[in-house]
Amino acid sequence: MNFNDLNIIPPVLKALQEQGYTQPSPIQEQSIPILLRGKDLLGCAQTGTGKTAAFAIPILQHLHLGKQNSKGPRKIKSLIVTPTRELAIQIAQSFDCYGKYTDIKNTVIFGGVKQGAQVQILRKGVDVLIATPGRLLDLMNQGIISLKDIQYFVLDEADRMLDMGFIHDIRKVLAKLPSKRQSLFFSATMAPTIIELSRKILGNPEKVMIKPEQTTAEKVEQSVFYVNKPEKTKLLVHLLKTDPVDSVLIFSRTKHGADRIVRLLGRSGIQADAIHGNKSQGARQRALKNFKSGRSGILVATDIAARGIDIEELSLVVNYDLPNLPETYVHRIGRTGRANASGMALSFCSEEERAYLKDIQKLIHQNIPVVSDHPFMSASEKNVSMVVSTSPKKKHKRSKSQTVKVADNANCTSIPKPEKKFSRKPYQRK
Ligand code: AMP
């Protein structure tokens, strides 16, 4: 199948061709016909699957076709609510890009910056508004934004939205939406709370499920390093110096921690940038731009700040801290191994984080291979070595005669497995 088979209007097709898109991704192939028919959609898909185009293309098409009969100033007819500024900006860029040959105008609003410039654009009139929940409500309360003309509503990354505590804001937005509308609801996971929220938003939706959360873990080559907390930076420096890679995204649990990692790397002569909520919008955009353009190779991020980062050629993800939510681990490592590329993810696990590791392994149905011969192995670990089974799903390309040294893992069995050595080139792309 290609885009020509999806009944997409010529101005949008032309923009897609310019982007070099030849074939629709699975979520696009399945969702675009449903949305062009005007149905509500419940989409289970992650960032990286092409879901932005899956909803942007039909919305642009409906608006473009509807425009021919409408007169007067532009009113907001489509609202996309997404959890982070970065994601909002990327969605707006996608609308710009796919709508280049239509007369559909969009704008993006988010907090953390003064509202003046955003309000000016809104007053001139737009067709599509992409917003984070806080600033949206703020401008609604000031009477600057009205949702009464909304025909298409998208709630993006609903699971993140709930994780980030936006549920009350979402409810307030929902209360102001016209009941006659087309609604789209996307989430990477479908926990009961998410399904409950989707019921409040959607009529009788069609469902599209793309890549359940767990499958990311199958694409990405993962390793875990047992290391005492104070030794983590030394291990990081050691790894980065032994085998430099083009682009590394390092996850820190806290903003303060992210700054500290950047500082400590700097002391070892390794330049890195941090991106998190305490940084100004300008500094975040700069760091992201430098990283995307390849000018800087190491970005240290918190989960929230990294949420919307869309980088196609990310060589490596490092979990400097393990996340307490196992789903977050899957989101993180999904930053590498996008599309069909294989990626690499290394996790540092201190004594205190063992329980998190256990939860992660349970969620992904894999025991993550342990690197057992690095110089900063925690003392308790040196004494423990068991033979353990790694995932039945993941195929490793090593010899069967070797065994992997793994400590204290759940579901230990004595199936012979290859030894996971910290080789000279542990995380280079193949
Ligand atoms: P998303 O999941 O919307 O964040 O998209 C992930 C990446 O895939 C973005 O960089 C898009 O530009 C790209 N993309 C989306 N659809 C296609 C397609 N049909 N062909 C090639 N690239 C695409």
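Conventions and cut-offs
Residues numbered from 1 in each chain as written. Predicted model: local features only at pLDDT ≥ 70, side-chain atom pairs only at ≥ 80, totals over all residues. Heavy atoms only, no water. Helix = DSSP H or I, 4+ residues; strand = E, 2+ residues; numbered from the N terminus. Buried < 20%, exposed > 50% of the residue type's maximum accessible area, 1.4 Å probe, protein only. Contact = heavy atoms within 4.5 Å. Phe/Tyr/Trp six-rings, centres within 6.5 Å; stacked < 30°, edge-to-face > 60°. Lys NZ or Arg CZ within 6 Å of the ring centre and 35° of its normal. Core = buried A, V, L, I, M, F, W, Y, C linked by side-chain atoms within 4.5 Å. Axes fitted to C-alpha atoms, helices over the stretch in contact; angles between N-to-C directions. Parallel < 35°, antiparallel > 145°, perpendicular 65-115°, else oblique. Left-handed = near helix turned anticlockwise from the far one by under 90°. Pairing = 2+ DSSP bridges. Right-handed = clockwise from strand over helix to strand, strands pointing away.

Visitor: Looking at this structure, I do not really get the overall build of the chain. What am I missing?
Guide: Helix and strand content of the chain: 17 helices and 15 strands. Out of the 430 residues in the chain, the part that is buried amounts to 56%. Taking as baseline every contact in the chain between residues at least 6 positions apart, the subset at least 24 positions apart corresponds to 76%.

Visitor: What exactly am I supposed to notice about the packing of aromatic side chains here?
Guide: For any pair of aromatic rings, geometry is given as the distance between the ring centres together with the angle between the planes. Using the criterion set out here, one finds six aromatic pairs in the structure. A centroid spacing of 5.9 Å and a plane angle of 70 degrees characterise the contact between Phe-225 and Phe-348, whose relative ring orientation is edge-to-face. Here Phe-348 lies in strand S13 (residues 343–349) and Phe-225 lies in strand S8 (residues 220–226), a separation of 123 residues in the sequence. Following the ring pairs from residue to residue traces out a cluster consisting of Phe-3, Tyr-21 and Tyr-98. Directly above the ring of Tyr-101 sits Lys-14, whose terminal nitrogen or CZ lies 4.2 Å from the centroid. Lys-232 extends its terminal NZ or CZ atom over the ring of Tyr-320, reaching a point 5.8 Å from the ring centre.

Visitor: What is the right way to look at the nonpolar core in this model?
Guide: Grouped burial of nonpolar side chains is what soluble globular proteins tend to show. Within the largest apolar cluster, 39 residues are counted, with the highest numbers of intra-cluster contacts made by Phe-3, Ile-8, Phe-55, Ile-57, Ile-80, Phe-95 and Ile-130. Every element with two or more residues in this core is listed here: helix H1 (10–19), helix H2 (26–36), helix H3 (51–67), helix H4 (85–98), strand S4 (128–131), strand S5 (152–155) and strand S6 (182–187). The element that contributes the greatest number of residues to this core is H3, accounting for eight residues. With 31 residues, the next largest nonpolar core counts Leu-147, Ile-150, Ile-170 and Ile-201 among its residues.

Visitor: How should the environment of Asp-169 be read in this particular structure?
Guide: The residue Asp-169 is located in helix H8 (residues 167–175) in this model. Among the residues examined, Asp-169 registers a relative accessible area of 19% and is labelled buried. On a C-alpha basis, the gap between Asp-169 and Leu-137 in space is 7.0 Å, while along the polypeptide they are 32 residues apart. Ignoring anything within four residues of it in the chain, the contact list for Asp-169 reads Pro-133, Gly-134 and Leu-137.

Visitor: In this structure, what is going on with the packing of H2 against H3? I would like to understand it.
Guide: Describing two packed helices takes the angle between their axes plus the distance from one axis to the other. Orientation of H2 relative to H3, taken along the N-to-C sense of each, is 25 degrees, at an axis distance of 9 Å. Taken together, the axes of H2 and H3 are roughly parallel relative to one another. Classified by chirality, the crossing of H3 by H2 is right-handed. Here Ile-27, Gln-28, Ser-31, Ile-32, Leu-35 and Leu-36 of H2 lie close against H3, whose contacting residues are Lys-51, Ala-53, Ala-54, Phe-55, Ile-57, Pro-58, Gln-61 and His-62.

Visitor: Explanation requested: the pairing of S4 in the structure shown.
Guide: Residues in a regular strand point their side chains to alternate faces of the sheet. Residues Val-128 and Ile-130 of S4 are buried on one face, and the alternating residues Leu-129 and Ala-131, pointing to the opposite face, are buried as well. With four bridges connecting them, strand S2 (residues 78–81) and S4 associate as parallel partners. Opposite Ile-80, over in S4, you have Ile-130 as the bridge partner. Between the parallel elements strand S3 (residues 106–109) and S4, the chain passes through helix H5 (residues 116–124) in a crossover that is right-handed.

Visitor: So what exactly am I meant to see when it comes to helix H15 (residues 326–333) here?
Guide: Each full turn of the α-helix corresponds to 3.6 residues, which orients residues three or four apart in the same direction. Within H15, seven of the eight residues are buried, which leaves it mostly tucked inside the rest of the structure. Taken residue by residue, H15 has Pro-326, Thr-328, Tyr-329, Val-330, His-331, Arg-332 and Ile-333 as its buried positions.

Visitor: What is the right way to read helix H11 (residues 232–242) from this model?
Guide: For H11, the full list of buried residues reads Lys-232, Thr-233, Leu-235, Leu-236, Val-237, Leu-239 and Leu-240. Elements that come into contact with the buried residues of H11 comprise S8, strand S9 (248–251), helix H12 (255–267), strand S11 (298–301), strand S12 (316–319) and S13.

Visitor: Looking at this model, I keep getting lost on unusual backbone geometry. Mind explaining?
Guide: Negative phi values dominate among residues other than glycine, just as trans dominates among peptide bonds. Located in the positive-phi region is Asn-7, a residue other than glycine, with phi close to 60 degrees. As for its placement among the helices and strands, Asn-7 is situated in the segment before H1. Of the residues examined, Asn-7 reaches a relative accessible area of 63% and is grouped as exposed. Phi at Glu-157 is positive, roughly 50 degrees, even though this residue is not glycine. Within the element layout of this structure, Glu-157 appears in the loop between S5 and helix H7 (158–163).

Visitor: Which parts of the structure should I look at to understand the sheet that holds S9?
Guide: By way of backbone hydrogen bonds, the strands of a sheet pair with one another, either parallel or antiparallel. With parallel pairing, six strands are arranged side by side in an open sheet as S8-S13-S12-S9-S11-S10. Each edge of the open sheet carries a strand with a single partner, namely S8 and strand S10 (273–275). Averaged over neighbouring strand pairs, the angle between their axes works out to 20 degrees when direction is ignored.

Visitor: How should the sheet that holds strand S1 (residues 41–44) be read in this particular structure?
Guide: In space, the seven strands of this open sheet follow the order S3-S4-S2-S5-S6-S1-S7, with parallel pairing throughout. Each edge of the open sheet carries a strand with a single partner, namely S3 and strand S7 (206–209). The average angle at which neighbouring strand axes cross in this sheet is 15 degrees, direction not considered. Bridge analysis of S3 against S4 gives four bridges, and the strand direction is parallel. If you follow Val-108 over to S4, its bridge partner there is Ile-130. Along the sheet, H4 contacts S2, S3 and S4; its crossing angle with S3, the most-contacted strand, is approximately 175 degrees. Its contacts with the sheet put H5 on S3 and S4, and the angle it makes with S3 is roughly 150 degrees.

Visitor: In this structure, what is going on with the pairing of S1? I would like to understand it.
Guide: Burial along S1 is two-sided: the residues Leu-41 and Gly-43 and Leu-42 and Cys-44 are all buried. Pairing of S1 with S6, which is carried by four bridges, proceeds in the parallel orientation. By the bridge assignment for S6, Leu-42 is matched with Phe-185. Where S1 meets S7, four bridges bridge the pair, whose relative direction is parallel.

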